[in-house]
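# Remarks on the overall topology
Chain by chain, the residues:
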Amino acid sequence: YGSKLTSPVYIRGIGSRINAPSVGLYVDQVPYFEKAAFNFDFFDIERVEVLRGPQGTLYGRNTMGGIVNIQTKSPFEHHGTDLKISAGTYNAYQINANHYNDINQKLGYSISANYINNAGYYHNDFLNNMADDLNSLGLRNKLIWKISEKATLKNIASFESSKQCGYPYAQYDSLQAKSLPVNYNQSSSYNRDMFSNAMIFEYTGSKVDVVSTTSYQLLDDLQKIDQDFTADSMLFANQDQVQNLLSQEIIVRSSNQSKYKWLFGGYGFMQLFDKRVDVDIYSANMKVIKQYDHTIYGGAIFHQSTIHDLLIENLSVTAGLRLDFENDTEDYLYDRSIGGNFSNIEDTSGTLESFVVLPKVAFNYKTANGNIYATVAKGYKTGGFNSTFDDNRPQDRTFDPEYSWSYEVGLKTALLNKQIYADMALFYIDWENQQIYQTNPSGYGSRLTNAGETVSKGMELSLQAVPICGYNLSVGYGYTHATFIKYVVNEQTNYNGSFLPYIPRNTLSAQLNKAWYLKDFQWLDEIRLNLLYKGLGKIYWNEENTASQSFYSVINAKLSFVKNNIQFDLWGRNLLNNDYHAFYFTVYDNDFVQTGRPVNFGIDLKIKF
């Protein structure tokens, strides 16, 4: 919702709308620490892995909910050139080109480029233009040098530049239960340049494997936003920031086939922020200027051991421990101009430090058709400084870390003579000092504050059927019951027992694939059909649980025609044109929503050389 800046990820009830994420993201082993970098254009992707539950023992900070690992394609496994051209309704166009080549058995490279143009889905009636048009260019280069049979050196560099009109928020009429047109008077946008580079050294020995990952990431963005989202000039903000992130990780693990396996690792990082926020408050003839010079550095050492066939045959036990240290320092400058009279309100600095121990224990028992497992793990999300807070509430400048204990049991098994593969998990998460997104009491901006105690519990189930007569079916379902156990704001207000905002109670997906092979047809080799059903809800939008989105669903479809190395696709998204709200919030006593994207259609042409 909003723009590429606002891309929070939630897993099992754990997530964060602003500041650092609660779910980690790694791309080719490079950590993405800021949600502002999460929403990048997908291309050249080999696979996506989702690890649910706390991953702090191996990954550290801000992985309470889990980890998303994205791996791009290797030139030693893919060869040639892939070209894709797409066109869709709402003037959506995309061109993607990827070239993979191994010069010899030791040296390989890939070059990828991706361009997206989208005129937008939402019209701003006041400005008479589209509120969310997007132009984005992405580049990626991968070099792999196999130094020897045991040693490999990789360099992966990627760049993306995007320019986006954003925040297509429409006022919501609660009496008529419908959203009004997008109608605000100052154009809002989000422009971002992002660059990352990673040097990865891998050594595979007869007894020991070593992986060293050195990475750098630059994020330079500018946000302009009409924060009242009305036809009146009330509040407009500019946020300009530059972030630099340098990290180093070394992992040494056993590679033998013994019953005991181990892993040791060390990690260090430094993150530099240079941010400036200018806010025009027209009703008070006031201009607010805030500048932040922010440095975070930290380090960790971690270990994990696994013993197989311990006491009981087919039983393995894993124990891990991570020691994590972090230092967070911010210099804060606050200037204000009223009626042209400029004055300094605050010029201060502060430092936050944390040291945390993150243990994990897991049991896994192999059965004839799968395995049964149980895990207990501690997670944490770092505290920090809020970008905005009210002048008369300096205590809101910072927020504390949050901690969790996660308990999970599950099984992976084959059913009906291995015709269906099933995964099931039950989880219970108990965490304290949960960081909650709140609008500042003044109505200007938002911040994180710590709640009391929260519990999230639920289950996940997925079924995957083996292909039968060209049909392939998979189904996934998740249930999450996340509530505040203790959250007292003051004597008059508490949210004890309320559901957490932004967490869908149910998530459901079903995917059907069918392939027809045409042996004797001159013009076609194959026809493929893909149907995807996705549903989720109920979602509460606030702690009071007074605003919500009921369960809704969308259906997507794609029909593909394949001949040799050419594929032509016809696709449609939200085919039933279902109405739903992707986001809801309140500002200045007005309710706003972003409606879901309407039905849209398109075509793809894919060619492999």
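Residues numbered from 1 in each chain as written. Predicted model: local features only at pLDDT ≥ 70, side-chain atom pairs only at ≥ 80, totals over all residues. Heavy atoms only, no water.

## Points about the overall build of the protein chain
When you go through the protein chain residue by residue, the secondary structure sums to one helix and 38 strands. Residue burial in the protein chain is summarised as follows: out of 609 residues, 49% are buried. For the protein chain, the proportion of contacts with a sequence separation of at least 24, taken over those separated by at least 6, is 63%. Carbon and sulfur atoms form 56% of the exposed surface of the protein chain, whose accessible area is close to 28800 Å². (Helix = DSSP H or I, 4+ residues; strand = E, 2+ residues; numbered from the N terminus. Buried < 20%, exposed > 50% of the residue type's maximum accessible area, 1.4 Å probe, protein only. Contact = heavy atoms within 4.5 Å. Areas by Shrake-Rupley, 256 points an atom, 1.4 Å probe, with all protein chains shown as cover.)

## A few points about a nonpolar patch on the surface
A surface patch of nonpolar side chains, about 860 Å² in accessible area, is lined by I85, I95, Y115, L137, L139, F159, I566, F568, L570, I603 and L605. Those elements that place two or more of their residues in the nonpolar patch are β10 (134-146), β35 (566-573) and β38 (600-608). Among the elements that take part in the nonpolar patch, β35 stands out by supplying three residues, more than any other. Looking at the element boundaries, I603 is found in strand β38. Relative accessible area serves as the criterion here: at 36%, I603 is assigned to the partly exposed category. (Patch = residues over 30% accessible without salt bridge, like charges linked within 9 Å, V, L, I, M, F, W, Y side chains within 5 Å. Salt bridge = Lys/Arg side-chain N within 4 Å of Asp/Glu carboxyl O.)

## A word on the packing of aromatic side chains
Within this structure, the stated rule accounts for 29 aromatic pairs. Ring centres 3.8 Å apart and planes at 15 degrees place the aromatic pair Y1 and F583 in the stacked group. Of this pair, Y1 sits in the segment before β1 (23-27) while F583 sits in strand β36 (residues 581-587), and the two are 582 residues apart along the sequence. Note on Y169 and F585: the rings are 4.8 Å apart at their centroids and 70 degrees apart in plane angle, and the pair reads as edge-to-face. Here Y169, found in the loop between β11 (151-165) and β12 (170-173), pairs with F585, found in strand β36; they are 416 residues apart in sequence, far enough to count as distant. (Phe/Tyr/Trp six-rings, centres within 6.5 Å; stacked < 30°, edge-to-face > 60°.)

## Examining the sheet that holds strand β4 (residues 66-72)
Reading across from one edge, β2-β1-β4-β3 is the order of the four strands in this open sheet, with mixed pairing throughout. Both edges of this open sheet fall to β2 (30-32) and β3 (45-52), since each of them pairs with a single strand only. Taking the axes of each pair of neighbouring strands and ignoring which way they run, one obtains an average angle of 20 degrees across the sheet. Taken together, the five bridges between β1 and β4 define a ladder with parallel strand orientation. Bridge pairing in β4 links L25 to V68. (Pairing = 2+ DSSP bridges. Axes fitted to C-alpha atoms, helices over the stretch in contact; angles between N-to-C directions.)

## Regarding the pattern of salt bridges
All chains considered together, the criterion is met by 19 salt bridges. One salt bridge connects E408 with R12, and the closest N-O pair in it is separated by 3.0 Å. In this pair, E408 sits in strand β24 (residues 402-415) while R12 sits in the segment before β1, placing the two residues 396 residues apart along the sequence. Pair check on accessibility: E408 and R12 agree, each one buried. The salt bridge partner of R192 is E160, with a shortest N-O separation of 2.7 Å. One end of the pair, R192, is in strand β14 (residues 189-204); the other, E160, is in strand β11, with 32 residues separating them in the sequence. The buried category is assigned to E160, whose relative accessible area is 4%. Linked by salt bridges that have partners in common, K4, D41, E160 and R192 make up one network.

## Remarks on the sheet that holds strand β13 (residues 178-179)
Here we have four strands laid out as an open sheet, ordered β13-β12-β37-β36, and antiparallel in their pairing. Two strands in the sheet have a free side with no partner beyond their single neighbour: β13 and β36.

## A short note on empty space enclosed by the protein
With the rule as written, the count across this model stands at eight cavities of 30 Å³ or more. Roughly 170 Å³ of internal volume is contained in the largest cavity. Top element by residues in the lining of the largest cavity is strand β26 (residues 435-439). It accounts for three residues. Partitioned by chemical class, the residues of the lining of the largest cavity number 10 nonpolar, five polar and three charged. In terms of lining residues, the second largest cavity is bounded by 19 residues, among which Y26, F33, Y59, R61 and N62 are the most central. Going through the elements one at a time, β1, β2, β17 (260-281), β18 (286-308) and β19 (315-338) are the ones with two or more residues in the lining of the second largest cavity. Of the residues in the lining of the second largest cavity, the class split is 10 nonpolar, six polar and three charged. (1 Å grid on protein atoms, 1.4 Å probe; cavity = no way out; pocket = protein on both sides within 12 Å on 5 of 7 lines; lining within 4 Å. Points joined across faces, edges and corners; volume = space filled by probe spheres on them. Nonpolar A, V, L, I, M, F, W, Y, C, P; charged D, E, K, R; others polar.)

## Details of the nonpolar core
Judged by nonpolar contacts, the single largest core of 55 residues is most densely connected at L25, Y32, Y167 and F229. Setting aside anything within four residues of it in sequence, one finds Y167 in contact with G2, S3, L5, Y184, S188, S189, Y190, Q223, K224, I225 and F229. By size, the runner-up hydrophobic cluster in this structure holds 13 residues, among which are M64, F427, W431 and A451. (Core = buried A, V, L, I, M, F, W, Y, C linked by side-chain atoms within 4.5 Å.)

## Things to note about the pairing of β4
For β4, the tally of buried residues reaches six of seven residues, placing the bulk of the element in the interior. Alignment of β3 against β4, held across seven bridges, turns out to be antiparallel. The residue bridging R52 from the neighbouring strand is G66, located in β4.

## As for the environment of Y380
Tracing the chain through its elements places Y380 in strand β21 (residues 371-381). Remark: the alpha-carbon pair of Y380 and K178, spanning 202 residues in sequence, is separated by 39 Å. Apart from the residues lying within four places of it in its own chain, the contact partners of Y380 are R61, N62, T63, M64, D324, E326, S354, V356, L358, P401, E402 and Y403.

## A short note on the environment of D221
By the secondary structure assignment, D221 is in strand β15 (residues 208-226). Judged by its relative accessible area of 2%, D221 falls in the buried class. Taking the C-alpha atoms as reference points, D221 and V242, 21 residues apart in sequence, are found 6.6 Å from one another. Beyond its immediate stretch of four places on either side in the chain, D221 contacts L5, A36, Y190, N191, R192, Q239, D240 and Q241. Polar contacts involving the side chain of D221 include one to the side chain of Y190, which spans 2.5 Å. (Polar contact = N/O pair within 3.5 Å; in protein donor to acceptor, adjacent residues only side chain to side chain.)

## Some thoughts on the side chain of R505
Tracing the chain through its elements places R505 in the loop between β29 (471-486) and β30 (506-517). Each residue touching R505, except ones within four places of it in the same chain, is listed here: G478, Y479, T480, F499, G537, K538 and Y540.

## Structural notes on a negative patch on the surface
Together, D193, D220, D240, D274, D293, D331 and D347 make up a region of like negative charge exposed at the surface. As for its position among the elements, D240 is in strand β16 (residues 235-254). (Lys, Arg positive; Asp, Glu negative; His and termini not counted. Charge placed at Lys NZ, Arg CZ, Asp CG, Glu CD.)

## Here we look at the pairing of β35
Inspection of the sheet shows strand β34 (residues 552-563) paired to β35 by seven bridges, in the antiparallel sense. Among the inter-strand pairings, A557 is bridged to a residue of β35, identified as G572. Taken together, β34 and the strand that follows it, β35, pair antiparallel across an intervening segment of two residues, in which N564 is found at a positive phi of about 55 degrees. Of the strand pairs in this sheet, β35 and β38 are connected by eight bridges, and their pairing is antiparallel. Looking at the pairing, Q567 lines up with K606 of β38.

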